[in-house]
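Each chain is listed here by its residues.
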Amino acid sequence: MKKKFSVLLVIIFLLTGSLTAKEPLKDYSFIRGVCHNLSPGQEILERDLGFMKRLQLNSTRVWLSQRAYESNPEEYVKRVVNYVRTCNNYGVSVMPVFLNGTFPQLLEKNARASGEKYVAAIVNALKNEEGLLMWDIMNEPEMNDYYRKASPEEQEKRLDEIEGFVRHFITFVKKTDPVNAVTVGHWLPKFCAYTSDMVDVISFHDYLETRSRVEKSYAIAEDFSKKYNKPLINSELCCIGRSNPYDMAIQIADEHNVGWYVFNL
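Residues numbered from 1 in each chain as written. Predicted model: local features only at pLDDT ≥ 70, side-chain atom pairs only at ≥ 80, totals over all residues. Heavy atoms only, no water.

Novice: Before we move on, could you go through unusual backbone geometry and cite the residues and values that matter?
Specialist: Glycine aside, residues mostly have negative phi angles, and peptide bonds mostly take the trans form. Residue Asn 264 is bonded to the preceding Phe 263 through a cis peptide linkage, with omega at -15 degrees. With respect to the helices and strands, the residue Asn 264 is situated in the segment after strand E8 (259–262). The backbone of Asn 229 sits at a positive phi, close to 55 degrees, despite the residue not being glycine. Take Asn 229: it is sitting in the loop between helix H8 (211–228) and strand E7 (232–237). Look at Asn 257: it is not a glycine, yet its phi comes out positive at around 60 degrees. Counting through the fold element by element, Asn 257 comes out in the loop between helix H9 (246–255) and E8. (Helix = DSSP H or I, 4+ residues; strand = E, 2+ residues; numbered from the N terminus.)

Novice: I'd like to hear about the side chain of Asn 58, residue by residue, with values.
Specialist: Inspection of the secondary structure assignment puts Asn 58 in the loop between helix H2 (42–54) and strand E2 (59–63). Accessibility expressed as a relative area gives 4% for Asn 58, which makes it buried. At 2.8 Å, the side chain of Asn 58 and the backbone oxygen of Phe 30 are in polar contact. (Buried < 20%, exposed > 50% of the residue type's maximum accessible area, 1.4 Å probe, protein only. Polar contact = N/O pair within 3.5 Å; in protein donor to acceptor, adjacent residues only side chain to side chain.)

Novice: If you had to explain a nonpolar patch on the surface to someone new, which residues and values would you point to?
Specialist: Among the surface-exposed residues, Phe 51, Leu 55 and Leu 265 lie close enough to one another that they form a single nonpolar patch of about 270 Å² accessible area. With respect to the secondary-structure elements, Leu 265 resides in the segment after E8. (Patch = residues over 30% accessible without salt bridge, like charges linked within 9 Å, V, L, I, M, F, W, Y side chains within 5 Å. Areas by Shrake-Rupley, 256 points an atom, 1.4 Å probe, with all protein chains shown as cover. Salt bridge = Lys/Arg side-chain N within 4 Å of Asp/Glu carboxyl O.)

Novice: Before we move on, can you summarise the pairing of E7 with the specific residues and values?
Specialist: For E7, a buried count of six out of six residues is recorded, marking the element as mostly surrounded by other parts of the structure. With five bridges joining them, strand E6 (residues 202–206) and E7 adopt parallel strand pairing. In the sheet register, Phe 204 faces E7, and the bridge partner there is Asn 234. Running through H8, the crossover from E6 to the neighbouring parallel element E7 is right-handed. Here three bridges tie E7 to E8, and the two strands are oriented parallel to one another. The partner of Asn 234 across the bridge, within E8, is Trp 260. Handedness of the E7-H9-E8 crossover: right-handed. (Pairing = 2+ DSSP bridges. Right-handed = clockwise from strand over helix to strand, strands pointing away.)

Novice: Could you give an account of the environment of Arg 32, naming the residues involved and the relevant values?
Specialist: Along the polypeptide, Arg 32 turns up in strand E1 (residues 32–37). Here Asp 254 takes part through its side chain, which lies 3.2 Å from a polar atom of the side chain of Arg 32.

Novice: Any chance you could break down the environment of Ser 243 for me, citing the residues and the numbers?
Specialist: As for its placement among the helices and strands, Ser 243 is situated in the loop between E7 and H9. A sequence separation of 36 residues divides Ser 243 from Tyr 207, and the C-alpha atoms of the two residues are 7.6 Å apart.

Novice: Could you give me a rundown of the packing of aromatic side chains, with the residues and numbers involved?
Specialist: The way to describe two aromatic rings as a pair is by their centre distance and the angle between their planes. A full pass over the atoms with the stated rule returns ten aromatic pairs. Ring geometry for Phe 169 versus Phe 172: centroids 6.2 Å apart, planes at 70 degrees, classification edge-to-face. Taken together, the positions of Phe 169 and Phe 172, both in helix H7 (residues 152–176) and three residues apart, correspond to about one turn of that helix. For the pair Phe 169 and Phe 172, one class covers both residues: buried. Seen from their ring centres, Trp 187 and Phe 191 are 5.7 Å apart, and the 15 degrees between their planes marks the pair as stacked. Take Phe 191: its relative accessible area is 3%, and that puts it in the buried class. The structure contains a cluster of three or more aromatic residues connected by ring pairs, namely Tyr 69, Phe 98, Tyr 118 and Trp 135. (Phe/Tyr/Trp six-rings, centres within 6.5 Å; stacked < 30°, edge-to-face > 60°.)

Novice: Talk me through H9; I want residue IDs and the actual numbers.
Specialist: Of all the residues in H9, the buried ones are Met 248, Ala 249, Ile 250, Ile 252 and Ala 253. Packing partners of the buried residues in H9 comprise H8, E7 and E8. One or two steps after H9, the chain reaches Asn 257, where phi turns positive at roughly 60 degrees. (Contact = heavy atoms within 4.5 Å.)

Novice: Account for the confidence of the model for the chain, with residues named and values stated.
Specialist: When the pLDDT values of the chain are averaged, the result is 91; 92% of them are 70 or greater. This model gives residues 1–18 a pLDDT under 50, and the stretch forms 13 contacts once residues within four places in sequence are excluded. (pLDDT = per-residue confidence, 0-100.)

Novice: So, the packing of H2 against helix H4 (residues 73–89): which residues are in play, and what are the values?
Specialist: Closest axis-to-axis distance for the H2/H4 pair is 10 Å, and the angle between their directions is 35 degrees. Crossing angle aside, the handedness with which H2 passes H4 is right-handed. The segment H2 lies against H4, with Gln 42, Leu 45, Glu 46 and Leu 49 engaging Asn 82, Tyr 83, Thr 86 and Cys 87. When the residues that make up the contact of H2 with H4 are grouped by side-chain class, the tally is four nonpolar, three polar and one charged. (Axes fitted to C-alpha atoms, helices over the stretch in contact; angles between N-to-C directions. Left-handed = near helix turned anticlockwise from the far one by under 90°. Nonpolar A, V, L, I, M, F, W, Y, C, P; charged D, E, K, R; others polar.)

Here's what the structure looks like:
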């Protein structure tokens, strides 16, 4: 298995020049990644990257924070750039996540303007970095009480509001950086319906408990991939606490030739 994986990495390098991408690829099945947070210091970051190297992982999906950026913009951008460059030194690509769907206050009227300032600062700082793989506009836009606890009559209206916000930032990022790929990490594959026409890479999450249920998730996600002729990744999987074991989840992703990010390192 180790030899097979090494051969795959060599083939990818010959085809693309690296494990990073300066434009959308047709296939991201080479991703063997983990979800990650910005490390509090260089020593811890390099320790984590050492773990990734030993586990033959090649990418991180890293949470960024608008609140942290706004508290000290210059220092925060330096941290993010250092993170990407350090990862690249270890042969690890990076997919930054700008926003998190668990914070419905993002939908407030002034949120787009402040969000654009933050997102533009990050995009302009990273868009030419070798270690950048793609942008994740928002983590699980639908995973919040604003949507989930609304009445059936109100849910559709709120979902349209949420997805309108996400689509706004897809457009904004593509305008700011017309080269690098864009995705949205949806909570369930059915929600990919709201962004598949705009993103470069379709992304879903899966923590289901049985092989048959996981297979149904892939079937839904693959339908969107085929309909829009776009590559597919699973950007969150594996959680023992949710009875989504590592061996089953990773095996199924590999069988479907889908790149993945374990939650989390």
